[in-house]
Amino acid sequence: MENFDQALNALKQGEVIAYPTEGVFGVGCDPDNPEAIEKLLTLKQRPVEKGLILIAASYQQLLPYIDETQLSEEQLKRVHQTWPGPVTWIMPCSDKVSSWVSGQFDSIAVRVTDHPLVQKMCNAFGKPLTSTSANLTGEPPCMTTEEVYRQLGDKLVAVLEGETGGRDKPSEIRDAKTSQVLRQG
């Protein structure tokens with residue numbers, strides 16, 4: 001599995017990697033490394049104000065980044081019913097979250113993935129990855145390893161090669177406080 005190890009080592013060294021998610025390829029890095037996030041935003045030509053999604057193998061990995069005290073048991077139950085799966089929830093963020101990740105918001109977008117390769121990577125890395133679609137701003141999201149190499153290959157240290165989860169769209173985004181759907185999945 002040398003490709004996996006290469007991608008894992010790139011993450012540990014503060015690099016940006018591309019990886020398959022439930023629907024499209026994502027690009028991500030260590031959410032606690034501002035230099036890595038800066039590389040990611042530069043690569044994507046994405047403004048820092050927009051914030052980034054965190055994708056994780058388990059809810060436990062997301063807990064340090066979330067302020068659960070602002071959510072009711074009912075709200076948390078609704079979130080947990082959709083995970084693992086392709087639903088991203090906007091939740092109140094903890095003090096640990098830098099504005100590099102949250103952007104201009106006091107909340108954070110989080111998802112527990114059901115993609116086995118991403119779960120494996122998050123478990124090996126020991127925490128969530130940032131996740132934003134693998135494409136240059138204005139270009140369509142990459143759906144295959146080949147598209148990633150074609151669009152972003154010269155800008156990435158590593159691409160975790162694999163298949164997406166077969167959905168043809170990025171994840172649905174919902175607000176944990178209101179259950180409102182902010183982006184259709």
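Going by the annotation in an unreviewed UniProt entry, the name recorded for the protein chain is Threonylcarbamoyl-AMP synthase, with Vibrio sinaloensis DSM 21326 given as the source organism. Listed in UniProt under the heading Sequence similarities (unreviewed entry), the comment for the protein chain reads: "Belongs to the SUA5 family. TsaC subfamily." Comment text from UniProt for the protein chain, heading Catalytic activity (unreviewed entry), reads "L-threonine + hydrogencarbonate + ATP = L-threonylcarbamoyladenylate + diphosphate + H2O".

### A few points about unusual backbone geometry
In this structure, P84 follows W83 across a cis peptide bond, with omega equal to -10°. Tracing the chain through its elements places P84 in the loop between α4 (73–81) and β4 (87–92). If you check the backbone angles, S179 has positive phi at about 65° while not being a glycine. Relative to the assigned elements, S179 resides in the loop between β8 (172–175) and β9 (181–183). By relative accessible area, S179 is classed as partly exposed at 26%.

### Structural notes on the side chain of E172
Here E172 shows up in strand β8. According to the relative accessible area criterion, E172 is buried, its value standing at 13%. Excluding residues that lie within four positions of it along the chain, E172 makes contacts with P86, V87, T88, V181, R183, Q184 and G185.

### Digging into the pattern of salt bridges
All chains considered together, the criterion is met by 8 salt bridges. A salt bridge links K39 to E15, with the shortest nitrogen-to-oxygen separation between them at 3.2 Å. One end of the pair, K39, is in helix α2 (residues 34–44); the other, E15, is in the loop between α1 (2–12) and β1 (17–20), with 24 residues separating them in the sequence. In this structure, D32 and K127 form a salt bridge, with 2.9 Å as the shortest nitrogen-oxygen distance. Residue D32 is located in the loop between β2 (25–28) and α2, and its partner K127 is located in the loop between α6 (116–125) and β6 (129–133); the two are separated by 95 residues in the primary sequence. Salt bridges linked by common partners bring D30, D32, K96 and K127 together as one network.

### What to know about the packing of aromatic side chains
A complete count under the given rule lists 1 aromatic pair for this structure. Between Y59 and W83, the ring centres sit 6.0 Å apart and the planes meet at 40°, which makes this aromatic pair tilted. Of this pair, Y59 sits in helix α3 (residues 59–62) while W83 sits in the loop between α4 and β4, placing them 24 residues apart in sequence. A relative accessible area of 11% means that Y59 is categorised as buried. The ring of F4 carries the charged tip of K120 above its face, separated from the ring centre by 4.4 Å.

### Here we look at α4
Those residues of α4 that sit buried are Q75, L76 and V79. Taken down its axis, α4 places every buried residue within 95° of arc, on the same side. Relative to its buried face, α4 has exposed residues pointing more than 90 degrees away, namely E73 and Q81. Check the buried side of α4 and you find it contacts α3 and β4.

The rules behind these values
- Residues numbered from 1 in each chain as written.
- Predicted model: local features only at pLDDT ≥ 70, side-chain atom pairs only at ≥ 80, totals over all residues.
- Heavy atoms only, no water.
- UniProt positions renumbered as here; feature names shortened; annotations may be inferred.
- Helix = DSSP H or I, 4+ residues; strand = E, 2+ residues; numbered from the N terminus.
- Buried < 20%, exposed > 50% of the residue type's maximum accessible area, 1.4 Å probe, protein only.
- Contact = heavy atoms within 4.5 Å.
- Salt bridge = Lys/Arg side-chain N within 4 Å of Asp/Glu carboxyl O.
- Phe/Tyr/Trp six-rings, centres within 6.5 Å; stacked < 30°, edge-to-face > 60°.
- Lys NZ or Arg CZ within 6 Å of the ring centre and 35° of its normal.
- Arc of directions from axis to C-beta.

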